[in-house]
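Working through the structure, step by step
These are the residues of each chain, in order.
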Amino acid sequence: MSLPAPNPWIAAITPYEPGRARLASGRTPIKLSANENPHGPSPAAIAMIRAHAHGIHRYPDGAATSLRAKIGFVHALEPDRIVCGTGSDELLQLLPLIYCRRGDSVVHVRHGFMVYPIAARRAGAEPIAAPDRDYVADVDSILAAVRADTRIVFLANPNNPTGTMISRAEVRRLHAGLRSDIILVIDQAYAEYCDAPDPDGGLELARTMPNVVVTRTFSKIYGLGGLRVGWATGPAAIVAELNRVRAPFPIASVSLAAAEAALADQEWVARCREANARERARLVAAIEALAPQGLGAVPSAANFVLMTCPETGPLAAETLKAGFEADGILVRHLPKQGLPHGLRITVGTAEENDQAIASLRRQAG
Ligand code: PMP
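What comes next concerns the included structure. (Residues numbered from 1 in each chain as written. Predicted model: local features only at pLDDT ≥ 70, side-chain atom pairs only at ≥ 80, totals over all residues. Heavy atoms only, no water.)

1. Side note on the pattern of salt bridges
- According to the stated counting rule, one finds 21 salt bridges in the structure shown.
- For the salt bridge of glutamate 170 with arginine 173, the shortest nitrogen-to-oxygen distance reads 2.9 Å. Placement of the pair is glutamate 170 and arginine 173 together in helix H7 (residues 168-177), with a separation of 3 residues, close to one helical turn.
- The partly exposed category is assigned to glutamate 170, whose relative accessible area is 26%. (Salt bridge = Lys/Arg side-chain N within 4 Å of Asp/Glu carboxyl O. Helix = DSSP H or I, 4+ residues; strand = E, 2+ residues; numbered from the N terminus. Buried < 20%, exposed > 50% of the residue type's maximum accessible area, 1.4 Å probe, protein only.)

What follows is the structure, encoded as structure tokens:
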């Protein structure tokens, strides 16, 4: 008897592993494992969700017309060149399906976001990991990894899970070094944590170049990870292809309404950005104070810090992670991403960080 068999390139996919949300003890955790905004969304977004409950028997606007107009206004972009998706994940996944043939390749940075190799494989393409340097994307290494069959280069900037960022000049140099038939996807999921509105010039490139796409999300600083709203902008031709294949109703009506309200409250966003910078500095200082015991903090431009740990002893990543959990704190260990010696810690509220720092000091002895 023969059984249904998946496509071999689908069977080769290692499924995405989300940051853990539960403690073995069942206690409510301090969740520093998924790079969420610990302050949650703007109160205006929560009020909008409540107000919107009466309308949920109607299908949403699949084209997200009103949300795109508001995104266009905030970022000085043409709404027609914006496409919204079920999180930026949906859009990142669609690009290889549209542009790669089986056997083509997609380049991403080693120690990068786990979705890129999944997205490549879904399309039957081969993901190529370009080595980074001290956890920072290395433009020369990315360019060297590009092959004749490369269709897409993914760059998260700031990068997850390292938190590092490359400059506007480096992003330009990367784009200038790519063939014009390769799409450079600049994933700005954490861009709002930087001070400048377009910190690496990605939006400018997406507006002016025929082969650059920028993705953004409402899951991070906007605090709406549970509602699944993301967007992309780029050349009209690429946006048209994304619109051709996206889900007909990718974003729930409540999510659309909440995202619009969250976007309108830029004061909340600014407060969250400032709190993050302040708290991140405190977390980094606490880690760096333990440098004599082998801990290090990779410089971060985002809302998390990659802590590097010694290979053995009480501060080894695996042991430290278990120690955090014993104190009710969930952090991220990413051995499958080549970081067996690293723990990624999301910047929490001041109180949450107090507890994380206390746990770290307790474990350091
Ligand atoms: N890009 C990066 C770099 C991320 O870290 C994440 C979230 N983990 C996403 C994209 C996806 O975000 P979402 O689908 O929630 O918009």
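What follows continues from the structure just given.
2. Here's the deal with the site of the ligand
- Around the ligand there are 15 residues in total, and Ser88, Asp187, Tyr190, Thr217 and Ser219 lie nearest to it.
- Asparagine 160 has a polar side-chain atom sitting 2.7 Å from an oxygen atom of the ligand.
- For the ligand, an oxygen atom lies 2.7 Å from a polar atom in the side chain of tyrosine 190.
- Relative to its unbound accessible area of 400 Å², the ligand is 94% covered by the protein chains.
- Here the residues of the shell around the ligand sort into 6 nonpolar, 5 polar and 4 charged. (Near = heavy atom within 4 Å. Polar contact = N/O pair within 3.5 Å; in protein donor to acceptor, adjacent residues only side chain to side chain. Areas by Shrake-Rupley, 256 points an atom, 1.4 Å probe, with all protein chains shown as cover. Nonpolar A, V, L, I, M, F, W, Y, C, P; charged D, E, K, R; others polar.)

3. Brief notes about the sheet that holds strand S12 (residues 332-334)
- Pairing is antiparallel across the open sheet formed by 4 strands, whose spatial order is S9-S10-S13-S12. In the strand order of this sheet, the two ends are held by strand S9 (296-297) and S12, each with one partner.
- Looking at chain direction, S9 and strand S10 (residues 304-308) are connected through 2 bridges and run antiparallel. The residue of S10 that forms the bridge with alanine 297 is methionine 307.
- This element, helix H11 (residues 266-288), spans S9, S10 and strand S13 (339-346) of the sheet and lies at about 5° to S10.
- Across the sheet, helix H12 (residues 317-326) is in contact with S10, S12 and S13; its angle to S13 comes to roughly 30°. (Pairing = 2+ DSSP bridges. Contact = heavy atoms within 4.5 Å. Axes fitted to C-alpha atoms, helices over the stretch in contact; angles between N-to-C directions.)

4. As for the packing of helix H4 (residues 87-99) against helix H5 (residues 115-122)
- At a minimum axis separation of 7 Å, H4 and H5 run at an interaxial angle of 40°. Regarding the angle of H4 to H5, the classification is oblique. The handedness of the crossing between H4 and H5 comes out as right-handed. Residue-level contacts link Asp89, Leu92, Gln93, Pro96 and Leu97 of H4 to Val115, Tyr116, Ile118, Ala119, Ala120 and Arg122 of H5.
- Residue composition of the contact of H4 with H5, grouped by class: 8 nonpolar, 1 polar and 2 charged. (Parallel < 35°, antiparallel > 145°, perpendicular 65-115°, else oblique. Left-handed = near helix turned anticlockwise from the far one by under 90°.)

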